[in-house]
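# Structural features, examined
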2 protein chains.
Amino acid sequence: MLVGDCVTVMNGLPAGSVDMVFADPPYNLQLGGDLLRPNHSRVEGVEEDWDKFADLATYDRFTRDWLAASRHALKDDGCLWVIGSYHNIFRVGSALQDLGFWLLNDVIWRKTNPMPNFRGRRFTNAHETLIWAAKSKEARYHFAYEAMKSLNDDLQMRSDWLFPLCTGQERIKDADGNKAHPTQKPEALLYRCIMASTEPGDVVLDPFFGTGTTGAVAKRLGRSWIGIEREHQYAQVANARIAAVQEAPNKELLYAPAKRQAPRVPFGWLIERGLLNPGTVLSDQRRKHTAHVRADGMLIGSNHLGDHCGSIHQVGAAMQGLPACNGWTFWHFDAGNGEQRPIDMLRQKVLAELHC
Amino acid sequence: MLVGDCVTVMNGLPAGSVDMVFADPPYNLQLGGDLLRPNHSRVEGVEEDWDKFADLATYDRFTRDWLAASRHALKDDGCLWVIGSYHNIFRVGSALQDLGFWLLNDVIWRKTNPMPNFRGRRFTNAHETLIWAAKSKEARYHFAYEAMKSLNDDLQMRSDWLFPLCTGQERIKDADGNKAHPTQKPEALLYRCIMASTEPGDVVLDPFFGTGTTGAVAKRLGRSWIGIEREHQYAQVANARIAAVQEAPNKELLYAPAKRQAPRVPFGWLIERGLLNPGTVLSDQRRKHTAHVRADGMLIGSNHLGDHCGSIHQVGAAMQGLPACNGWTFWHFDAGNGEQRPIDMLRQKVLAELHC
DNA sequence: AGTAAACGTGAATCGTTGA
DNA sequence: CTCAACGATTCACGTTTAC
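Description of the structure in this document. Keep in mind the model is a prediction, meaning the values are calculated, not measured. (Residues numbered from 1 in each chain as written. Chains lettered and ligands numbered in written order. Predicted model: local features only at pLDDT ≥ 70, side-chain atom pairs only at ≥ 80, totals over all residues. Heavy atoms only, no water.)

## Quick notes on the interface of chain B and chain A
- Contact residues are listed per partner, giving 52 residues for chain B and 49 residues for chain A.
- Summing both partners gives a buried area of about 4700 Å² for chain B against chain A, and 50% of it is carried by carbon and sulfur.
- Taken together, the connections running from chain B to chain A amount to four salt bridges.
- The partner of Asp160(A) in a salt bridge is Arg110(B), with the nearest N and O atoms 2.7 Å apart.
- At the level of elements, helix H3 (89–98), strand S4 (102–111), strand S5 (127–134), helix H4 (145–150) and strand S6 (160–163) of chain B are the ones that each hand at least two residues to the side of chain B that touches chain A.
- At nine residues, the largest contribution of residues to the side of chain B that touches chain A is made by S4(B).
- For the side of chain B that touches chain A, a count of residues per class yields 27 nonpolar, 15 polar and ten charged. (Contact = heavy atoms within 4.5 Å. Buried area = accessible area lost by both parts, 1.4 Å probe. Salt bridge = Lys/Arg side-chain N within 4 Å of Asp/Glu carboxyl O. Helix = DSSP H or I, 4+ residues; strand = E, 2+ residues; numbered from the N terminus. Nonpolar A, V, L, I, M, F, W, Y, C, P; charged D, E, K, R; others polar.)

## Concerning the protein's contact with DNA strand D
- Around DNA strand D sit 26 residues in total, of which Tyr145(B), Glu146(B), Lys149(B), His313(B) and Arg347(B) are the nearest.
- Within 4 Å of the protein, the contacting atoms of DNA strand D are drawn from sugar and phosphate to the extent of 65%.
- Here a base oxygen of DNA strand D sits 3.4 Å away from a polar atom, N or O, in the main chain of Pro114(A).
- For DNA strand D, a phosphate oxygen lies 2.5 Å from a polar atom in the side chain of His313(B).
- Elements that contribute at least two residues to the surface near DNA strand D include exactly H4 and helix H9 (312–320) of chain B.
- Per-element tally for the surface near DNA strand D: the top contributor is H4(B), with three residues.
- Its residues assigned to classes, the surface near DNA strand D comprises eight nonpolar, nine polar and nine charged. (Near = heavy atom within 4 Å. Polar contact = N/O pair within 3.5 Å; in protein donor to acceptor, adjacent residues only side chain to side chain.)

## A short note on the packing of helix H5 (residues 187–197) of chain A against helix H6 (residues 213–220) of chain A
Residues and elements named next belong to chain A.
- The interhelical angle for the contact between H5 and H6, taken along N-to-C directions, is 55°, at an axis separation of 9 Å. Taken together, the axes of H5 and H6 lie oblique to each other. Between H5 and H6 lies a crossing whose hand is right-handed. Contacts from Glu187, Leu190, Tyr191 and Ile194 in H5 reach Thr213, Thr214, Ala216, Val217, Ala218 and Arg220 in H6.
- A class-by-class count of the residues in the contact of H5 with H6 yields six nonpolar, two polar and two charged. (Axes fitted to C-alpha atoms, helices over the stretch in contact; angles between N-to-C directions. Parallel < 35°, antiparallel > 145°, perpendicular 65-115°, else oblique. Left-handed = near helix turned anticlockwise from the far one by under 90°.)

## Some remarks on the protein's contact with DNA strand C
All names here are of chain A.
- Around DNA strand C, a shell composed of 38 residues is seen, among which Gln30, Arg37, Tyr86, Arg119 and Arg171 lie nearest.
- The contact in question runs from a base nitrogen of DNA strand C to an N or O atom on the backbone of Tyr27, over 3.0 Å.
- Here a base nitrogen of DNA strand C and a side-chain polar atom of Arg37 are 2.6 Å apart.
- Its residues assigned to classes, the surface near DNA strand C shows 18 nonpolar, nine polar and eleven charged.

## Things to note about the sheet that holds strand S7 (residues 203–206) of chain B
Residue and element names in this part refer to chain B.
- An order of S1-S8-S7-S2-S3-S5-S4-S6 is seen for the eight strands of this open sheet, with the pairing classed as mixed. The sheet is open, and its two edges are formed by strand S1 (2–3) and S6, each paired on a single side.
- Bridge analysis of S4 against S5 gives eight bridges, and the strand direction is antiparallel. By the bridge assignment for S5, Asp106 is matched with Ile131.
- The strands touched by helix H6 (residues 213–220) within the sheet are strand S2 (18–23), S7 and strand S8 (224–229), with S8 carrying the most contacts at an inclination of about 170°. (Pairing = 2+ DSSP bridges.)

## What to know about the sheet that holds strand S5 (residues 127–134) of chain A
All names here are of chain A.
- Strand order across the open sheet formed by eight strands is S1-S8-S7-S2-S3-S5-S4-S6, with mixed pairing between neighbours. Only two strands of the sheet have a single partner each, and these edge strands are strand S1 (2–3) and strand S6 (160–163).
- Packing of H6 onto the sheet brings it into contact with strand S2 (18–23), strand S7 (203–206) and strand S8 (224–229), and relative to S8 it is tilted by some 170°.

## Description of the packing of aromatic side chains
- Evaluation of the coordinates by the stated rule reveals 36 aromatic pairs over all chains.
- Considering the side-chain rings of Phe267(A) and Trp328(A), the 6.0 Å spacing of their centres and the 65° angle between planes classify their relative orientation as edge-to-face. You can see Phe267(A) sitting in the loop between helix H7 (232–243) and helix H8 (268–272) and its partner Trp328(A) sitting in helix H10 (residues 327–330), a full 61 residues away along the chain. Across this residue pair, the class does not change: Phe267(A) and Trp328(A) are buried.
- Grouped by ring-pair contacts, the aromatic residues Phe123(A), Trp81(B), Trp132(B), Tyr141(B), Phe143(B), Tyr145(B), Trp161(B) and Phe163(B) constitute a single cluster.
- Lying across the ring of Trp109(A), Lys111(A) places its NZ or CZ 5.1 Å from the centre.
- Its end group placed over the ring of Trp161(B), Arg192(B) keeps NZ or CZ at 5.0 Å from the ring centre. (Phe/Tyr/Trp six-rings, centres within 6.5 Å; stacked < 30°, edge-to-face > 60°. Buried < 20%, exposed > 50% of the residue type's maximum accessible area, 1.4 Å probe, protein only. Lys NZ or Arg CZ within 6 Å of the ring centre and 35° of its normal.)

The following block contains the structure:
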């Protein structure tokens, strides 16, 4: 965790020392006057000085500088993620190409609950864009193909991702109840980026650390992290937040091996969304069988019948010595007070979110 | 339908003669060698000469030229749509901003049936990006808000659209059964763009006409169209296709009525026409506030905030202590049996009379 | 206590017309 | 040109308050 200007700090790092950069730079929103909701309440936009640029040329210079410094810090086979909106993402994408980066995908974060367009003058701005890029056309970047497939119902992960905004308990508030940072990103989003393109032990760097979402998820996933933030206040919040994060107890669970068999449901989404954590112990209702959750959505368990590894259905079946098993109703988690709940409850929660 | 170079042709058009440009330019895909499916069949990509550019600078020049020519042809209050992928959309978006266009939305076409990523090295590229831009920040572009809302189950239309690829009957094949054009777009996509940002009778121009999807949909929707295409073969296909399109028999059905466009009805007209009488008591829905109608069309009311006199809007705002209020929907009258109806109902009655 | 209604809010480039 | 008046406009959730 370093407080300071990200360009200076990154240029001071040893060249080629970082496996992945995740950047959430200022979007240069160029907001006009106040925007009122139909009920006349005022929308709190991003009004901080750090999002103010004199003109497009100034923003382009800023973008080129931090991208070049990221390039210096990145390993040759490392990769970079940037998130943005239509205000800035075209400037960022062009600069990436100009600097020699090789674009791998643009990824769409579709929001389940975006802010509406209150004046009815445009389409509801319901998504943000991420760019995933390697350092060069020839680079041998890492892609956890099987893990991504497993996280998506055993279908190839697509370039459009659905997540809710960061609200509720996850959203960090200050003592007065105001949001600590205007643009905090959901951990589920970072989870997918980090799982997709790094391995445990890799170094993840975030030049616009804010309240430290990248660091929190990196720690949870057993990756090392470097956070750079200019504002002391944000850095302080980030430090406290990350200190409270539990690392996965068993590092083995964080690996996403190359081959696996199919689960019938996207169990992995529960993990991405933080409804279950890697390392969590699941058990059947009578507590005769137990298994551990792995980061890529597979279970691991052992009993007198042997060692078991696979989908929630496969492990449930194997441990009972049965030909098949519905893992969603078989496996339970501890909901506090020693109360057991089927993991299907969590699936319903996610399903409810997706109903938009 | 014009055969030739789109820059030359557009620069030859009268300045400001076009309401909307829809452009599907070459994507500059930079494909490497052949791509084989797992069964070793070869994927037919875009291999035509028109998608080959020497380098990024050449592509940028090309982009700037056709965008500038489009700008020349566009009316000041016209708008432009471009579709692209991550290979070219960042160049296009930056060029648009550099040329003074004002971005309104980026819109994601999510494909229901994208081509899988056969190599398993990236996310399935399951979307394309459209940019919707006005000619300037101050331009008064057209947006069919109500039409878009009604096309989306009475919820605001979002920036992510779901459509299948153009396949089956809609996909034009040549005599040998090969696809006539490698990147034919679905008509549903054009339908939404044209409906959203033009009115019947408007002129829609497509500088990369291909097999004429834009013209076919424009004709179907009662819009005029101009198509520019360099390749004779494509132009021929487009002409035959559009000739077979039926225009809507009833032009009335093509209009998307907007509340904004209705003529203004002063509140006083209701009194003049005897729909309300001087002295009538109006109240809000919860009957918390009441006011009296004056013969001159002003309202009078009193509450703990003081005595109020003015327009329906002013008094509604003042009595609620709000900065503004739509009096038409706020105030209600007694329609008999103690039933309350908004005075907007009476305005609709007058509007209907005016339409005869 | 339990259910229902009300309230708050999120990276937002969010008017038009006539005097 | 500016200024004032008109009047059009919201979805999904989590949290709080009311009944």
